[in-house]
Amino acid sequence: GAMTDTKWVRWAAVAGVVFFVLILVSGPVLLGSGPTLTDSASKVFSYFVNHQSSLKASAALWGLAMSAALVWAAALFSALRKAEGGRAGLAVAALGGVILATAMQVVALAAQATATLRTHELGASGVRVLFTFETLANGGILFGLLVAVGAAGVVSLKTGLFGRWFGAVSVLLAVASGAGAFSIAYAKLENLQSIVLPLDGLWILVVSIMLLVRPEKALASPVEPVRP
């Protein structure tokens, strides 16, 4: 049973690594540097027209990445709960943050896919509106990551789960994620959003590697037999 549990944690950690690889391929590799919110409608429209195949492939890979993130979140939940002695308070908060982030990413993907599929029907202005919606939805992703990264950071600071130094870095990243999250309302924060999102992805990769190397961090302590 212990061996089976260890394998499960390692597979969940591998899912986190797969998540990072997928977002790396679906973003910088396939799409490169896309348009920004300050670009004209004609420039955004031209980008969607000229990158139809890449945008479709990117959306599919992002969808797979979200599934991998949810599997990885189960291992994070177990690790945080174990570190807090079986209490699930911050562990639940972290899990909820990951779920919010993945849900918002799927919403953003739906907007991107709609603009890609109906480019000519929507016209330049319609495509730009959907692109704006997609970009602002990334702020919602950061609201979820703020909770997930912050909760893990607090637990690490309290218990040394991933190292207190990593807990401090996580708390700082959570603060930066919170600032970037306000891009959902303030477009001027788009540049901060584009910096923080990759850092959050790198954070998930680092946690995945830690769990892959030491899966016992996410395994419940054996229950002592009750003595008569």
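This section reports on the structure supplied with the text.

**Points about the nonpolar core**
Moving on, step 1. Of all hydrophobic cores here, the largest spans 49 residues; its most connected members are Phe162 and Trp203.
Moving on, step 2. Only helix 1 (2-31), helix 3 (52-83), helix 4 (89-117), helix 5 (119-159), helix 6 (164-181) and helix 7 (190-213) provide two or more residues apiece to this core.
Moving on, step 3. For this core, the leading source of residues is helix 3, giving 13 residues.
Moving on, step 4. With residues near it in sequence (within four places) discarded, Phe162 still touches Leu76, Ala79, Ser156, Val207, Met210, Leu211 and Lys217.
Moving on, step 5. Counting twelve residues, the second largest nonpolar core, distinct from the first, contains Val44, Phe45, Leu55 and Phe131.

**Side note on helix 2 (residues 41-50)**
Moving on, step 1. Those residues of helix 2 that fall on the buried side of the exposure criterion are Val44, Phe45, Tyr47 and Phe48. Down the axis, helix 2 shows its buried residues gathered within 160 degrees of arc, on one side only.

**Overview of the packing of helix 3 against helix 5**
Moving on, step 1. For the pair helix 3 and helix 5, interaxial distance at closest approach is 13 Å and the crossing angle is 20 degrees. The orientation of helix 3 relative to helix 5 falls into the category roughly parallel. Pair helix 3 / helix 5 crosses with left-handed handedness. The segment helix 3 lies against helix 5, with Gln52, Leu76, Leu80 and Ala83 engaging Thr119, Ala152, Val155 and Thr159.
Moving on, step 2. For the contact of helix 3 with helix 5, a count of residues per class yields five nonpolar, three polar and no charged.

Cut-offs used in this document
Residues numbered from 1 in each chain as written. Predicted model: local features only at pLDDT ≥ 70, side-chain atom pairs only at ≥ 80, totals over all residues. Heavy atoms only, no water. Core = buried A, V, L, I, M, F, W, Y, C linked by side-chain atoms within 4.5 Å. Buried < 20%, exposed > 50% of the residue type's maximum accessible area, 1.4 Å probe, protein only. Helix = DSSP H or I, 4+ residues; strand = E, 2+ residues; numbered from the N terminus. Contact = heavy atoms within 4.5 Å. Arc of directions from axis to C-beta. Axes fitted to C-alpha atoms, helices over the stretch in contact; angles between N-to-C directions. Parallel < 35°, antiparallel > 145°, perpendicular 65-115°, else oblique. Left-handed = near helix turned anticlockwise from the far one by under 90°. Nonpolar A, V, L, I, M, F, W, Y, C, P; charged D, E, K, R; others polar.

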